[in-house]
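# Observations on the model geometry
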Amino acid sequence: MSKQMTGARMVIQALKDQGVEVVFGYPGGAVLPIYDEIFQQNDIRHVLVRHEQGAVHMAEGYARSTGKPGVALVTSGPGATNAVTGLTDALMDSIPIVVLTGQVPTFMIGTDGFQEADTVGITRPCTKMNWLVKDTAKLAETIHQAFHVATHGRPGPVLIDIPKDVQFATADYVPAEKAKIGHYQPRTEGDPDQIARLVEMMENAERPILYTGGGVINSGPRASALLRELAAETGFPVTSTLMGLGSYPASGKNWLGMLGMHGLYEANLAMHGCDLMINIGARFDDRITGRVKDFSPRSKKAHIDIDPSSINKVIHVDVPIVGDVTRVLEELLRQWRARGSRTEKAGLAKWWKQIDEWRAVRCLNYKPSASTIKPQYALERLEALTKGMDRYITTEVGQHQMWAAQFLGFEDPNRWMTSGGLGTMGYGLPASIGVQIAHPEALVINVAGEASWLMNMQEMGTAMQFRAPVKQFILNNERLGMVRQWQELLHGERYSSSWSESLPDFVKLAEAFGCKGIKVDHPKDLDDAILEMIRYDGPVIFDCLVEKHENCFPMIPSGKPHNEMLLSADAEAFRSGAVLV
């Protein structure tokens, strides 16, 4: 028998049917009927944010750390437009989130009513799919379809715009099992013939490399396990994009580190010099390829991706394989084992010898200081003092983000949350709260720069209200660090607007929010301060004053190929054969 209910109650029931446990949101007039239904139930927890951008980033952090879709609820007009940055961020990084927005009543749409905006039109370019629901009878099924679209194929954000009168009206509820979702069934099985071609190329490759991306993590934990099997059994080296960190363990013997603009020397040169590149769940973005015409010029390339539009979009590949990473790797290993698990052992041994010579450059070398905290040292100590803990890391965007990727090790997937494609300053603090809500007993640390952190600092109020003991580890160089670095290296040292003026006292700011503030400015005090941060049972703002003009190396200048990296002076001395004193 059909069950009649209001549109607002349908929203809550549909979220329950989809297994949603938490919603991040901010109320307003156009969503008050839904908030009234939230008040009258206890199954779904609502987390009140301080800004709608924060709600979407929290949903992203929740999704990335759990593998489940995150949900945000915001009102019409400015509520919806404030969500656009988070939606675009999720689209670029393939994060499955569902955003529900309120809208003016259907009879007012197009009249420029109070807090009206063309939400569907505005968000069409930054969502995987979006809907304006004008009929209450279609609302529940649309929500079920939205969750299906967000989580199948290449994951991404979806949005449902719900007019206020649709929330008040009644209709029959459509349960999840009766929703029509057959129109969207992405291909998951890879072409066995193309996989066979790749297996044959693997058997003959002398300089192979596994180039992995966020798609491995998005495919689920089984994909990461299969990747580890593939690397162990073939002996192929593994590198990763920023979004793929943790899919292969940092302690693994085949690990070359991250590649790309601020990737490791050995990873980038291996990509440049390989003869077989196997791209698993990455999209050949510009931070990886550098100058496209000179990208890995002598290699055969295979690309495994569930999104057919990503294949041959940037780099032409020899073996395109459309499918889910888990399914493709299962078939790849099956075929390779069935053919005898053969590799070109002599060539592979020579390849590893070359890689070890590149590793000897020690590209992350930096000159320590006895009196000033170097940002690299701060992250080395953070890694040493938290290694082995139940730890999740989020970041803001800038130099600190790249140093975190270089100096922190990730053994498992879903432990690293960062804004990769869009590079959203202000992402890390709200994302850390989303992660902490999902994992209340874990240690959640947001590695930040002071400039990025200030962009969404209001969310410390959310952390305090909901007792989310997130640790904000701010590398404070009083500069827009990456901007200043580019101005130094590429713009003739003309430092246009890259100084942070009138910074707050972060300890006093912490006290104003009611949380703990810690300030440290000397290397000898750093370990004790980090341990104090870890042990404190509550949110912490950790103000770590670091060297103001440290540059992040290695670095591939924009438009240059992988083999034209800039290294630190210390690493350059090793590369040149000089002896460091």
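Residues numbered from 1 in each chain as written. Predicted model: local features only at pLDDT ≥ 70, side-chain atom pairs only at ≥ 80, totals over all residues. Heavy atoms only, no water.

As a reminder of what qualifies: UniProt positions are given in the numbering used here, feature names are shortened, and annotations may be inferred rather than shown by experiment.
By the naming in an unreviewed UniProt entry, the protein chain goes by Acetolactate synthase and is assigned to Tabrizicola soli. Here is the UniProt Sequence similarities (unreviewed entry) comment for the protein chain, exactly as written: "Belongs to the TPP enzyme family." UniProt, in the comment section headed Catalytic activity (unreviewed entry), describes the protein chain in these words: "2 pyruvate + H(+) = (2S)-2-acetolactate + CO2".

### Topic: the overall build of the protein chain
Counted only if it meets this: Secondary structure follows DSSP: runs of H or I at least 4 residues long count as helices, runs of E at least 2 residues long count as strands, and numbering of each begins at the N terminus. With the radius of gyration taken over C-alpha atoms, the globule rule is written as 2.2 Å times the number of residues to the power 0.38. Exposure categories follow from relative accessible area, calculated using a 1.4 Å probe and restricted to protein chains: below 20% of the type maximum is buried, above 50% is exposed, and the middle band is partly exposed. Residue contacts are counted whenever heavy atoms from the two residues lie within 4.5 Å of one another. For the area figures, the Shrake-Rupley method with a 1.4 Å probe applies, and any residue is considered shielded solely by the protein chains shown. Two residue types count as positive, namely Lys and Arg, and two as negative, namely Asp and Glu; His and chain ends fall outside the count. Taken as the charge location is NZ of Lys, CZ of Arg, CG of Asp or CD of Glu.
Of regular secondary structure, the protein chain possesses 24 helices and 20 strands. Taken against the 2.2 N^0.38 rule, which gives 25 Å for 581 residues, the C-alpha radius of gyration of the protein chain at 25 Å falls within 12% of a compact globule. Evaluated residue by residue, the protein chain yields a buried proportion of 59% over its 581 residues. Long-range pairs, those at least 24 residues apart, make up 77% of the contacts in the protein chain between residues at least 6 apart in sequence. Carbon and sulfur atoms make up 51% of the accessible area of the protein chain, which amounts to about 22700 Å² in all. For the protein chain, the centre of its 58 positive side-chain charges and the centre of its 67 negative side-chain charges are spaced 4 Å apart.

### Here's the deal with the sheet that holds strand S4 (residues 70-74)
Inclusion rule: One bridge is not enough; two strands pair if DSSP finds at least two bridges between them. Lines are fitted to the C-alpha atoms to define the axes, a helix being fitted only along its stretch in contact, and any angle between axes, read from their N-to-C directions, falls within 0 to 180 degrees.
The six strands are arranged S3-S2-S4-S5-S7-S6 in an open sheet whose pairing can be described as parallel. The open sheet has two edge strands, strand S3 (45-48) and strand S6 (129-132), and neither has a second partner. Mean inter-strand twist for the sheet, computed between neighbouring axes without regard to direction, equals 20°. Looking at chain direction, S6 and strand S7 (residues 157-163) are connected through four bridges and run parallel. By the bridge assignment, Met129 is partnered in S7 with Val158. Those strands touched by helix H3 (residues 52-66) are strand S2 (22-25), S3, S4 and strand S5 (97-103), and its axis lies near 165° from that of S4. Where helix H5 (residues 84-93) meets the sheet, it contacts S5 and S7, and its direction lies at approximately 145° from that of S7.

### Concerning the side chain of His144
The following threshold applies: Nitrogen and oxygen atoms within 3.5 Å of one another constitute a polar contact, given that in protein one can donate a hydrogen and the other can accept it, and given that sequence-neighbouring residues count only through two side-chain atoms.
Assignment of secondary structure puts His144 in helix H7 (residues 139-151). At 3.3 Å, the side chain of His144 forms a polar contact with the backbone nitrogen of Ala176. Ignoring sequence-local partners within four residues, the contact set of His144 consists of Ala14, Asp17, Gln18, Tyr173, Val174, Pro175, Ala176, Ala179 and Ile181.

### Let's talk about H5
Among all positions of H5, only Val84, Gly86, Leu87, Asp89, Ala90 and Asp93 are buried. Residues of H5 that are buried make contact with H3, helix H4 (78-82), S5, helix H6 (119-123), S7 and helix H10 (214-218). In the segment just after H5, Ser94 is the residue with positive phi, at about 60°.

### Examining the sheet that holds strand S20 (residues 540-545)
In space, the six strands of this open sheet follow the order S16-S15-S17-S18-S20-S19, with parallel pairing throughout. Two strands close off the open sheet at either side, each with one partner strand: strand S16 (416-417) and strand S19 (516-520). Pairing between S19 and S20: five bridges, direction parallel. Bridged to Gly517 within S20 is Ile541. Contacts between helix H23 (residues 523-535) and the sheet are confined to strand S17 (443-449), strand S18 (471-476), S19 and S20, with S19 contributing the most and set at about 170° to the helix.

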